[in-house]
Amino acid sequence: PLTKPHDMKINTIGKRIGIAIAALIVGYALFLAMFFAVTSVKCHVRAEHARQQIRSANPNELLNACRAMIAARNAILKEVPAQFETAGDVRFRYSDSPAYADHIPGIIRDMKPTWIEIRDYRVQVHVEPMPRTGFIGYIENGEKRDSMDWNRLIMLTNGLWLYDH
């Protein structure tokens, strides 16, 4: 014979190991594909829910709530720990703690935002982080001070804008 029985055993074991490694690689790739597909769908479903929450809210009430937060900005600064504070901008992660309940109007609290950013002329509320979905409420004529990409925003009422990137 051209090959010894011992060589045939080694070839058979090598093939089995090769097949097992290939199966693991394919299985892992399928797992990653399913994971990212499910995660992507979940993110878009949550973003759509956030958009519906914002659009179904009374825009004048929402704008008044934003303006109340701008007016109470200094009090909020004293009570709520800011994660970021630069050049007068205050940005903090929202939570259900009582410190927030006193300063965040109910219409905004009910949306369970992830981040809130307060400037002296606007409030930006991130309702869903991925993809970013939220709204911006301005003081009267506050839009003139901003350099937003207005093509990416949808006006809900004068001074209140929905963003979705």
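The structure displayed is predicted, hence computed values, not measured ones.

**Q** Would you mind showing me how to read the pattern of salt bridges here?
**A** Oppositely charged side chains can form a pair if their charged atoms are brought close together. One pass over the structure, following the stated rule, counts 4 salt bridges. Across the pair D164 and R51 runs a salt bridge, and its minimum N-O distance is 2.4 Å. One end of the pair, D164, is in strand β7 (residues 160–164); the other, R51, is in helix α1 (residues 5–56), and 113 residues separate them in sequence. Its relative accessible area of 30% is what places D164 among the partly exposed residues. One salt-bridge network, in which partners are shared between bridges, spans E48, R51 and D164.

**Q** Explanation requested: the pairing of strand β5 (residues 133–138) in the structure shown.
**A** Side-chain direction in a regular strand flips from residue to residue, so the side chains alternate between the two faces of the sheet. Extensive coverage of β5 is indicated by the burial of 6 of its 6 residues. Of the two faces of β5, the one holding T133, F135 and G137 and the one holding G134, I136 and Y138 are both buried throughout. Direction of pairing for strand β4 (residues 122–128) relative to β5: antiparallel, over a ladder of 6 bridges. Among the inter-strand pairings, V123 is bridged to a residue of β5, identified as G137. Between β4 and β5, which pair antiparallel in sequence order, lie 4 residues. Of the strand pairs in this sheet, β5 and β7 are connected by 5 bridges, and their pairing is antiparallel. By the bridge assignment, G137 is partnered in β7 with L160.

**Q** What's the story with the nonpolar core in this structure? I'm lost.
**A** Where a protein is soluble and globular, its nonpolar side chains tend to be buried together. With 23 residues, the main nonpolar core has L62, M69, I108, I116, V123 and F135 as its most contacted residues. Among the secondary structure elements, those contributing two or more residues to this core are α1, α2 (59–71), α5 (106–109), β3 (115–118), β4 and β7. When residues in this core are grouped by element, the largest group, 6 residues, is from α2. With residues up to four places along the chain from it excluded, the contact list for V123 reads C66, M69, I70, I116, E117, I118, F135, I136 and G137. Of all hydrophobic cores here, the second largest spans 6 residues; its members include Y121, I136, W161 and Y163.

**Q** It is not clear to me how the environment of G134 should be interpreted in this structure. Could you clarify?
**A** Secondary-structure assignment places G134 in strand β5. Each C-alpha atom of the pair G134 and Q53 lies 9.7 Å from the other, and the pair is 81 residues apart in sequence. Apart from residues lying up to four places away in sequence, G134 is in contact with I54, V125, H126, V127, W161, L162 and Y163.

**Q** Whenever I open this one, the side chain of T133 confuses me. Can you help?
**A** On the secondary structure map, T133 appears in strand β5. If we ignore the near neighbours within four places in the chain, the residues touching T133 are A47, A50, R51, I54, V125, H126, V127, E128, Y163 and D164.

**Q** For this particular structure, what's the right way to read the packing of aromatic side chains?
**A** Aromatic rings in a pair are described by how distant their centres are and how their planes are angled relative to each other. Tallying each qualifying case throughout the model produces 2 aromatic pairs. Ring centres 6.3 Å apart and planes at 25 degrees place the aromatic pair F31 and F35 in the stacked group. A residue pair is termed a helical-turn pair when its members lie 3 or 4 positions apart in one helix, as F31 and F35 do in helix α1 at 4 residues. What makes F35 partly exposed here is its relative accessible area of 43%. With 6.4 Å between their ring centres and 25 degrees between their planes, Y121 and Y138 make a pair best called stacked. With Y121 in the loop between β3 and β4 and Y138 in strand β5, the pair connects residues that are 17 residues apart, well separated along the chain. Residue Y121 shares its accessibility class with Y138, and that shared class is buried.

Conventions adopted
- Residues numbered from 1 in each chain as written.
- Predicted model: local features only at pLDDT ≥ 70, side-chain atom pairs only at ≥ 80, totals over all residues.
- Heavy atoms only, no water.
- Salt bridge = Lys/Arg side-chain N within 4 Å of Asp/Glu carboxyl O.
- Helix = DSSP H or I, 4+ residues; strand = E, 2+ residues; numbered from the N terminus.
- Buried < 20%, exposed > 50% of the residue type's maximum accessible area, 1.4 Å probe, protein only.
- Pairing = 2+ DSSP bridges.
- Core = buried A, V, L, I, M, F, W, Y, C linked by side-chain atoms within 4.5 Å.
- Contact = heavy atoms within 4.5 Å.
- Phe/Tyr/Trp six-rings, centres within 6.5 Å; stacked < 30°, edge-to-face > 60°.

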